[in-house]
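# Summary of the model geometry
The chain contents come next:
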Amino acid sequence: MITVLDVVRNNNDTLMKKIRSVFKPYDIYTKVKKQNKCSVLYIRYSQNRGKVRYKKIYPYTIGSPKTILCSRELDLSGSPFSRFEDKEFNILMMQNFVCELLKSASPDPKRIKLAYLDRQGEYPMFAQKLLDYTASLTVVTDMPRFYENESDRIYESCGVPLIVSDSIEKLKGQDVIISPRAIDITLPVTTDTLLFTAEKPLVSLKGIVISEYLAEIPYRYKRLLPKGTDEMYFMSALYSLCSAGELASIVPAKCADGTVQYSKERLISKLRKFTQEQTKTA
């Protein structure tokens, strides 16, 4: 089950509302929706006066998860609840989106200079998948011995080696850099570099830095989506908390850098320019 908490702050702009808020500082409304194996407990807390009274909300969640979907602006400190946060679904969306772009970057995506930043060695299987779209993949990691072993395994599997390094300087001159986790160090990139990550970088970076992936929730789950809840955030909860594994095959239609949205077509065009430039210098 997924628990969603929506706090609505009411504006007591009349004398009658102010008087009412003294006697009734909050209202709580709950509703449960089900779709196949997924259930969503929706709680709307109308805040008429004072702070959010989590102790009053708690009885409605007995038997339900205390890790809840809610606004980032909601302060849960001191409450029995924690905000749902999980990056695995966004990492999957990044992987699907990147593969779709590289597959479509004809005539020869293998001319693109591609690098993979996986500092803790968490996602080696995606490194192998990327070899379908490049003739040479540079992997920069803090776990070089691990990735060197992976390189041997991958070479035996598909005959293509990885270039493994623990030096960030190896990212210099790359057209595309992919990092599943948040980038927290300055990278030697230019304004032409295209970076894909699943979390907003913790440092300022040059280039186009994509960290958000946008897809429409499948029709079968639309009736479960609470009004005002971000679709990607909700799908992440469906995937992680309701075992909705079929969502892993979604390919986002668009992506964003936190400010600007990019269509697949726009980025495919940029990738094709990389291949054309490589052809001219070949």
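Structure: see above.
None of these values were measured; they are calculated from a predicted model.

## Comments concerning the sheet that holds strand 14 (residues 261-263)
Two orientations exist for strands paired in a sheet by backbone hydrogen bonds: parallel and antiparallel. Spatially, three strands are ordered 12-13-14 in an open sheet, and the strand pairing comes out antiparallel. A single partner strand is all that each edge strand has here, and the edge strands are strand 12 (212-214) and strand 14. Along the sheet, successive strands turn relative to each other by an average axial angle of 30°, direction set aside. In terms of strand pairing, strand 13 (residues 254-256) meets strand 14 through three bridges, oriented antiparallel. Bridge pairing in strand 14 places C255 opposite Y262. Its contacts with the sheet place helix 3 (residues 88-104) against strand 12 and strand 13, and it is angled at close to 75° to strand 12.

## Considering the packing of aromatic side chains
Taken as a whole and judged by the stated rule, the model has nine aromatic pairs. Pairing F97 with Y213 gives two aromatic rings, centres 5.8 Å apart and planes at 55°, and the pair type is tilted. Of this pair, F97 sits in helix 3 while Y213 sits in strand 12; the two residues are 116 residues apart in sequence, bridging distant segments of the chain. There is no split in this pair, since F97 and Y213 are both buried. Taking the centre distance of 5.5 Å and the plane angle of 80° together, the rings of F146 and Y147 count as edge-to-face. Classification of F146 by relative accessible area gives partly exposed; the value is 32%.

## Quick word on the pairing of strand 6 (residues 114-117)
Look at any regular strand and the pattern is simple: side chains alternate between the two faces of the sheet. Neither face of strand 6 is exposed, since L114 and Y116 on one face and A115 and L117 on the opposite face are all buried. The parallel pair strand 6 and strand 7 (residues 137-140) is bridged by helix 4 (residues 124-130), and the resulting crossover is right-handed. As judged from the three bridges shared by strand 6 and strand 9 (residues 176-179), these two strands associate in the parallel manner. Bridged to L114 within strand 9 is V176.

## Examining the pattern of salt bridges
Evaluation of the coordinates by the stated rule reveals eleven salt bridges. As a salt-bridge pair, R181 and E88 come within 3.5 Å of each other at their nearest N and O atoms. Residue R181 is found in the loop between strand 9 and strand 10 (194-197), and its partner E88 is found in helix 3; the two are separated by 93 residues along the sequence. Taking relative accessible area as the criterion, R181 reaches 30% and is therefore assigned partly exposed. One salt-bridge network, in which partners are shared between bridges, spans E88, E122, R181 and E199.

What counts and what doesn't
Residues numbered from 1 in each chain as written. Predicted model: local features only at pLDDT ≥ 70, side-chain atom pairs only at ≥ 80, totals over all residues. Heavy atoms only, no water. Pairing = 2+ DSSP bridges. Helix = DSSP H or I, 4+ residues; strand = E, 2+ residues; numbered from the N terminus. Axes fitted to C-alpha atoms, helices over the stretch in contact; angles between N-to-C directions. Contact = heavy atoms within 4.5 Å. Phe/Tyr/Trp six-rings, centres within 6.5 Å; stacked < 30°, edge-to-face > 60°. Buried < 20%, exposed > 50% of the residue type's maximum accessible area, 1.4 Å probe, protein only. Right-handed = clockwise from strand over helix to strand, strands pointing away. Salt bridge = Lys/Arg side-chain N within 4 Å of Asp/Glu carboxyl O.

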